[in-house]
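Next come the chains, spelled out residue by residue.
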Amino acid sequence: MSFGTGVWSNFSKRSTSLTVSSNKIKQGLLNAGLPFGPATLRKRSSRIKYSSPIGLSAVYPMAYEILELESSKIYETLSRQANELSMEQKEELLVRAEYHNPEVVFKSHFQTNSLDRTQPVYRRYLREKWESHDKMLLMQRLESLHAIPDTLPTLDPKCDVVLRFPHNNVHTTVEPGQLLSSNVTKKPPSLEVVEFDPVPHDLYTVLIVNPDTPDLENDTFSTTLHWALKNVPISSSDICIDALKLQECPERELVSYLPPVPDKNAPVNRLVVWVFRQNQKELADSSVTREFFDIRGFAARNSLTAVGAHIWRSGWDRNVPNVREIYGLPKGRVFHRVRR
Amino acid sequence: MFKSYGSALPQSLSRGLVGATKQTPTPFIQFVRGKRTKKYDLSPAAQKLITQLSVLSASRKQPKMLKLCPEDIVKHNTVQEAYKLITRKRKKAENEKLKQQYESMKLACEDLAKVSPELFEAANKREISKRFSLELRVPTNYPPNVPWYYDYTPESPEDKK
């Protein structure tokens, strides 16, 4: 009925990322039937065999019109009350206006990797996806590995932290709590910090701490700082923290990357990545020590808010002496095996 | 497995083992997967038991799972959302109407109580053994075109004679 005439086809005030780029899929969504067949099905035989549910083509145009009308009313409200609404209210209205747009829904469910994070509706869909699985997984891993009381007291995660190690060209992400070899962790990781709140351009601090360094004098463990970055700018369009970002501004690196080099027969080391928001301020006291690092004190002194975390584990393997050699570290200790 | 020798007969929508028709002594045999074509000679008790077991299980009685392509999944969800939206609006409007009707009735009664307490009491007086008045009508979405006949006069006893 009203395909192509309503607010969802008008891109004068809306971003072009709110539409599907492939023409066949777009025509499949913006017509009663599927004019090019089911373009998302790969095999030709599947496409030939496929038939849409009975009655969908009769009722879908009506449904589209109803939802588009509702969306246009929301846009009108936004333009009328532009000055009276707060940023959160505007964000909420923008999300509601596009939440049921079939093209947006298609992109959010079937093209999640290429979503435009500057759009509130896509951020909402990304947040829902994160909250349905990855957030819970992260909290479970942090709690079961006791990273939470052992480093910072707790975490209220506000953003998704994606960890990758560029030791080879494979783009796999690290699952929280994964055991990684010393070969993988010998080079600094690359992080992606996906923010869901409409936070303005802000500065972030990243710390990687290891709470399992053996402290023989006191017969306990101490925390070592493996990597510290400050004043890293993150925005919706630019979420990556990697070597490239550090090259352009070397003073962002407070402490250079020290790879995890566990001692033989010592317990498996946990490496916890903490991502903090600096709340638009410079760090009050950026003095850090690698050994016996007090992360709680550091966070308190600089009034940092922890918004995201990640964790991996490193154990001794036969490549650890090589990594020590590469970094010019002294030879490692060999502990007596403890029978559990 | 569907299996046919040569062209199918026009009436061959029947499944199972098709025997010879009156017109032509046909050599065509059609097999269809899942159809009972073999006759088992069972005692009535055994057959009854089998039927009972069959009733308890859902095997072969379920409709086929609908497999939708991603576009149709999105379209289906769009239709569901639109329906939810209009139902919500309709229910909200109905609730609002009922609320307004109740409020206006309440206001009218309060006004009556203030203006004329005797009439108010008379209006609220309980008539013995009366539960529903003859004039009471069940609220309906489609009231008649002429809702009330104002010019009614009761029959006089002389007219009856």
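Shown above is the structure to which this text applies.
Being a predicted model, the structure only gives us computed values, none of them experimental. (Residues numbered from 1 in each chain as written. Chains lettered and ligands numbered in written order. Predicted model: local features only at pLDDT ≥ 70, side-chain atom pairs only at ≥ 80, totals over all residues. Heavy atoms only, no water.)

K.L.:
Is there a simple way to explain the nonpolar core in this structure?
P.N.:
What tends to happen in soluble globular proteins is that the nonpolar side chains get buried as a cluster. Residue and element names in this part refer to chain A. With 24 residues, the main nonpolar core has Phe165, Ile241 and Trp312 as its most contacted residues. Where this core is concerned, the elements lending two or more residues are β1 (159-164), β3 (190-195), β4 (202-215), β5 (220-234), β8 (269-277) and β9 (305-314). When residues of this core are assigned to their parent elements, the largest contribution, four residues, is made by β5. Aside from chain neighbours lying at most four places away, what touches Ile241 is Pro189, Ser190, Leu191, Val193, Val206, Leu229, Val232 and Ile234. (Core = buried A, V, L, I, M, F, W, Y, C linked by side-chain atoms within 4.5 Å. Buried < 20%, exposed > 50% of the residue type's maximum accessible area, 1.4 Å probe, protein only. Helix = DSSP H or I, 4+ residues; strand = E, 2+ residues; numbered from the N terminus. Contact = heavy atoms within 4.5 Å.)

K.L.:
Looking at this structure, I do not really get the sheet that holds β3(A). What am I missing?
P.N.:
The strands making up a sheet are joined through hydrogen bonds of the backbone, oriented either antiparallel or parallel. All names here are of chain A. With respect to topology, three strands assemble into an open sheet ordered β1-β3-β6, the strand pairing being antiparallel. Lying at the two open borders of the sheet, with one neighbouring strand each, are β1 and β6 (240-241). The pairing of β3 with β6 spans two bridges and is classified as antiparallel. Looking at β6, one finds that Glu192 is bridged to Cys240. (Pairing = 2+ DSSP bridges.)

K.L.:
Whenever I open this one, the pattern of salt bridges confuses me. Can you help?
P.N.:
Any two side chains of opposite charge can pair, so long as their charged atoms come close to each other. Residues and elements named next belong to chain A. Tallied over the entire structure, the rule returns 20 salt bridges over all chains. The partner of Glu131 in a salt bridge is Arg127, with the nearest N and O atoms 3.9 Å apart. Placement of the pair is Glu131 and Arg127 together in helix α6 (residues 120-144), with a separation of four residues, close to one helical turn. Residue Glu131 is classed as partly exposed on the basis of its relative accessible area of 33%. For Arg127, a relative accessible area of 28% corresponds to the partly exposed category. (Salt bridge = Lys/Arg side-chain N within 4 Å of Asp/Glu carboxyl O.)

K.L.:
Sorry if this is basic, but what is going on with the interface of chain A and chain B here?
P.N.:
Much of the literature gives interface size as the accessible area that the parts lose upon coming together. The interface of chain A with chain B comprises 28 residues on the first partner and 17 residues on the second. Between chain A and chain B the total buried area reaches about 1800 Å² when both faces are included, carbon and sulfur atoms providing 75% of it. Sorting the residues of chain A by area buried against chain B places A:Tyr50, A:Leu56 and A:Phe110 first, and these three jointly supply 23% of that buried surface. The salt bridge partner of A:Glu70 is B:Lys89, with a shortest N-O separation of 2.7 Å. Linking chain A with chain B are eleven residue pairs in polar contact (both at pLDDT 80 or more), by the criterion used here. Secondary structure elements with two or more residues in the side of chain A that touches chain B: α1 (23-29), α3 (56-80) and α5 (102-110) of chain A. The element that contributes the greatest number of residues to the side of chain A that touches chain B is α3(A), accounting for eight residues. (Buried area = accessible area lost by both parts, 1.4 Å probe. Polar contact = N/O pair within 3.5 Å; in protein donor to acceptor, adjacent residues only side chain to side chain.)

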